[in-house]
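# Structural characterization, general
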Amino acid sequence: MSPPAIEVHNLTVAYGQKPVLWDIDVSIPSGNLVAIVGPNGAGKSTLLKAVLGLIPATNGFVKALNREVSDVRKEIGYVPQRETVDWDFPVSVLDVVEMGRYGRIGWLKRPSKRDREVALSCLEQVGMSGFAKRQISQLSGGQQQRVFLARALAQEPEIYLMDEPFAGVDAATEQTIIEILRNLRSNGKTIIAVHHDLQTISDYFDWVAMLNLHLVAAGPITEAYTPENLQKTYGGRLTILDQVAEAIRTGLPRSRQDATTEAS
Amino acid sequence: MSTHWLDTLVASNTLLVIAATALLGISCGVIGTFTVLRGRSLIGDALAHAALPGICVSYLVFQQRSFGLLFVGAVFFALLGVWCIHFIRNKTRLKEDAAIAITLSSFFGLGIVLSRIIQNQPLGNRAGLDDFIFGKAASIVSRDVLSIALVSLVIVLVILVLFKEFKVLCFDREFAFSQGLPIRALDMTLMTLVCLCTVAALPAVGVVLVSALLIIPPVTARLFTSKLESMIIFAGALGLLAALCGTILSAVLPGPDNGVSRGFSTGPLIVLSCTLFFVIALICSPEHGLTRRLWKWIRRR
């Protein structure tokens, strides 16, 4: 059996005095499409960043593919929220995708012909081969997201950490992205994505980690993604969840429950 | 002005000054491109102000106005200034702009106090440390030009070697980290280059104006290009052009004469040349220019 993609042991992260992740303990098996869900401020993005080492852990440790994360950086592709960069930066789409190769190229070298070819084929995969020479400020939100995905693909990693890959993209782009992710999974890659749309979780993902400061539940969707766990994850914070609980208790149809939960 | 303006230019010192400001124009434009894109335009300003007490301390300790010694003191204090800004930003709730303002004004205040102490010493007013505040390119000697050339060479070489690393650092710092790049060390390298460049420019353009050379040429270049490579080259070229214009104007313009100094200082004229190019770019830029917008507006009517 292949080692777990990511192992998180007793991870606690704090900004100043305020803990944002508390004693997280989870082992994510390889070859899955994993959703991280939880309310705003639950620490979802922080978890990704702590796994990468971008934010220092107060306590606990993280392993990837049974090794130190710093030893396997090439095998971990990161897709940050697209608002985190200045899209007026003077680079072309191809330049950005090529950045996914920088970890492999090494010091003192320029991207080779092969690096360029890989970058172009990744752009093609996300359906943007016609945009290679375009300046990035001319892209729409969905196109920006696809460029970021292409950059991670160009890295050819084993594990993908994605922060809200579907945020603010249209239905067509969402379909393109999910097909790429499914394709990656069938090639044995592991994809871990922060996801907000509770309605599509069961459809898109096969593993879930539910987070609200603590880890509420983690496991295959069929086992972990239950109304009780949803209630525990989101419960108490928003009144609308009482209505969800009520709906679950009175046995409203499943689709209606999902819709209500999503509205929260 | 009985002499022909060409004679003025060929006067030995003027050529030295031109060489020095030209080199500074290029290196400020090149390194400034990265600081502007890194969202740190004002860091050069803070560095320049932070360097002033360094120059004074150096003079107080060694009692001589040698470029090398003053340079080392200035770079040390400039780096100390960077460290202060980082410290205030990371350990308090203050934002970077406040941290820059605090550091800049405190160091500058200290520098002014120290320079008064130096002026009260015997021979103190021969130190000419006041020249560092507004710059006095005319006092440049050939050894200074060599040092400036060396600094420029270092800047250009390091940028050539670390080009792709600086590019990804400025665009997406966290992604650069995820690629295994040592982002702290890269940031420090970039800041050190800015320090070297700023401090090298101090004698010629002065503490107050040097940040203009780091900011205006890059933003002007950005108006004309959307490629990082060409933005760097444009910014360097614009810095060079502004330095030439400013220096030549300063040499040939008949300015006020108060018996002590004559004519206009070089620094301000270089900065004003930068500004002129910026305004022209703002009007004529193909993508972002005002002319284009006006034309669109007229056509819509």
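Residues numbered from 1 in each chain as written. Chains lettered and ligands numbered in written order. Predicted model: local features only at pLDDT ≥ 70, side-chain atom pairs only at ≥ 80, totals over all residues.

This paragraph deals with the overall build of chain A. Of regular secondary structure, chain A possesses eleven helices and ten strands. The 264 residues of chain A split such that 42% are buried. Of all intrachain contacts in chain A linking residues separated by at least 6 positions in sequence, the fraction that spans at least 24 positions is 67%. (Helix = DSSP H or I, 4+ residues; strand = E, 2+ residues; numbered from the N terminus. Buried ≥ 20, exposed ≤ 12 C-beta atoms within 10 Å, placed from the backbone. Contact = placed C-beta atoms within 7 Å.)

This part is about the overall build of chain B. Tallying secondary structure elements over chain B gives 13 helices and zero strands in all. On C-alpha atoms alone, chain B measures out to a radius of gyration of 20 Å, which is about the 19 Å that the 2.2 N^0.38 rule sets for 301 residues. Taking the principal axes of its C-alpha atoms as reference, chain B extends roughly 60 × 50 × 35 Å. (Rg over C-alpha atoms; globule rule 2.2 N^0.38 Å.)

Take the interface of chain A and chain B next. With 17 residues of chain A in contact, the opposing surface of chain B contributes 18 residues. Broken down by class, the residue content of the side of chain A that touches chain B amounts to twelve nonpolar, three polar and two charged. (Nonpolar A, V, L, I, M, F, W, Y, C, P; charged D, E, K, R; others polar.)

Residue and element names in this part refer to chain A. Spatial strand order, 2-1-4-5: four strands in an open sheet with antiparallel pairing. Each having just a single partner strand, strand 2 (18–28) and strand 5 (67–68) make up the two edges of the open sheet. Sheet topology places strand 1 (residues 6–15) next to strand 4 (residues 59–64); five bridges connect them, and they run antiparallel. Bridge assignment links Val8 to a residue of strand 4, and that residue is Val62. (Pairing = 2+ DSSP bridges.)

For any part of a model where pLDDT is low, the fine detail of the predicted coordinates should not be relied upon. Overall, the predicted model of chain B reaches an average pLDDT of 89, with 93% of residues at or above 70. Under the prediction, the complex receives an ipTM of 0.88, its pTM being 0.89. (pLDDT = per-residue confidence, 0-100.)

Residue and element names in this part refer to chain A. You will see that Asn66, though not glycine, has its phi angle at about 70 degrees, which is positive. As for its position among the elements, Asn66 is in the loop between strand 4 and strand 5. Even without being glycine, Leu108 reaches a positive phi, approximately 65 degrees. Structurally, Leu108 is set in the loop between helix 3 (102–105) and helix 4 (113–125).

Residue and element names in this part refer to chain B. One can describe the packing of helix 10 (residues 183–222) onto helix 12 (residues 266–284) by two numbers: an axis separation of 9 Å at closest approach and a directional angle of 20 degrees. Looking at the two axes, helix 10 sits roughly parallel to helix 12. As helix 10 packs across helix 12, the resulting crossing turns out to be left-handed. Where helix 10 abuts helix 12, its residues Ala204, Val205, Gly206, Leu209, Ala212, Leu213, Ile216, Pro217, Val219 and Thr220 lie against Thr266, Gly267, Pro268, Ile270, Val271, Cys274, Thr275, Phe277, Phe278 and Ala281. In the contact of helix 10 with helix 12, the residues fall into 15 nonpolar, five polar and no charged. (Axes fitted to C-alpha atoms, helices over the stretch in contact; angles between N-to-C directions. Parallel < 35°, antiparallel > 145°, perpendicular 65-115°, else oblique. Left-handed = near helix turned anticlockwise from the far one by under 90°.)

Looking along a regular strand, one sees the side chains alternate between the two faces of the sheet. Residues and elements named next belong to chain A. In this structure, strand 9 (residues 207–212) lies alongside strand 10 (residues 214–220), joined through six bridges in antiparallel fashion. Residue Met210 lies in a different strand from strand 10, and its bridge partner there is Ala217. Following strand 9, the chain reverses through one residue before pairing antiparallel with strand 10; Leu213 in that reversal takes a positive phi of roughly 70 degrees.

When the terminal C-alpha atoms of helix 3 (residues 43–62) of chain B are compared, their 28 Å separation across 20 residues agrees well with the 28 Å that a helix rising 1.5 Å per residue should span. Buried residues dominate helix 3 of chain B, accounting for 16 of its 20 residues. (Expected span 1.5 Å × (residues − 1).)

Turning to the nonpolar core, a few remarks are in order. Membership of the largest hydrophobic core comes to 164 residues, with the highest contact counts inside it found for Val208 of chain A together with Ala51 of chain B. In terms of residue count, helix 10 of chain B provides more of this core than any other element does, 22 residues in total. If near-sequence neighbours (up to four positions away) are discounted, Val208 of chain A is found in contact with Val34, Ala35, Val37, Ile201, Ala218, Ile221, Ala224 and Tyr225 of chain A. (Core = buried A, V, L, I, M, F, W, Y, C linked by C-beta atoms within 7 Å.)

Residue and element names in this part refer to chain A. The first and last C-alpha atoms of helix 4 sit 19 Å apart over 13 residues, in line with the 18 Å expected at 1.5 Å per residue. Taken together, the buried positions of helix 4 are occupied by Val118, Ala119, Cys122 and Leu123. Buried residues of helix 4, seen end-on, are gathered within an arc of 140 degrees and therefore sit on one face of the element. Away from its buried face, by an angle of more than 90 degrees, helix 4 presents the exposed residues Lys113, Arg114 and Glu117. Where helix 4 is buried, its residues meet helix 2 (93–98) and helix 5 (141–155). One or two positions beyond helix 4, positive phi appears at Gly127, with a value near 75 degrees. (Arc of directions from axis to C-beta.)

Axis angle and axis distance: for two packed helices, these are the angle between their axes and the distance between the axes, and together they describe the pair. All names here are of chain A. For the pair helix 5 and helix 6 (residues 171–186), interaxial distance at closest approach is 10 Å and the crossing angle is 10 degrees. For the element pair helix 5 / helix 6, the angle class is roughly parallel. In this structure, the crossing between helix 5 and helix 6 has a hand that is left-handed. Along the contact surface, helix 5 presents Gly142, Gln145, Arg146 and Leu149, while helix 6 presents Thr173, Thr176, Ile177 and Ile180. Here the contact of helix 5 with helix 6 is composed, by residue class, of three nonpolar, four polar and one charged.

A separate point is the sheet that holds strand 6 (residues 76–79) of chain A. Two modes of strand pairing occur in sheets, parallel and antiparallel, and in both the strands are linked by backbone hydrogen bonds. All names here are of chain A. The strand order across the open sheet built from six strands is 6-7-8-3-9-10, with neighbouring strands paired in mixed fashion. Two strands bound the open sheet, and with one partner strand each, they are strand 6 and strand 10. With strand direction ignored, the average angle separating the axes of adjacent strands in the sheet is 15 degrees. With respect to the sheet, helix 5 is in contact with strand 6 and strand 7 (159–163), its orientation differing from that of strand 6 by roughly 170 degrees.

The subject of this paragraph is the environment of Ile133 of chain B. Residues and elements named next belong to chain B. Structurally, the position occupied by Ile133 is in helix 6 (residues 131–134). A sequence separation of 117 residues divides Ile133 from Leu16, and the C-alpha atoms of the two residues are 21 Å apart. The contacts of Ile133, once residues within four sequence positions are left out, are Gly206, Val207 and Val208.

Residues and elements named next belong to chain A. As defined by bridge partners, strand 4 adjoins strand 5 across two bridges and the pair is classed as antiparallel. By the bridge assignment, Ala64 is partnered in strand 5 with Arg67. Linking strand 4 to strand 5, which pair antiparallel, is a turn of two residues; within it Leu65 sits at a positive phi near 50 degrees.

With that settled, consider the confidence of the model for chain A. Here chain A averages 89 in pLDDT, while 89% of its residues score no lower than 70. Across residues 252–264 of chain A the pLDDT falls below 50, and counting only partners more than four positions away or on other chains, this stretch makes 25 contacts in the model.

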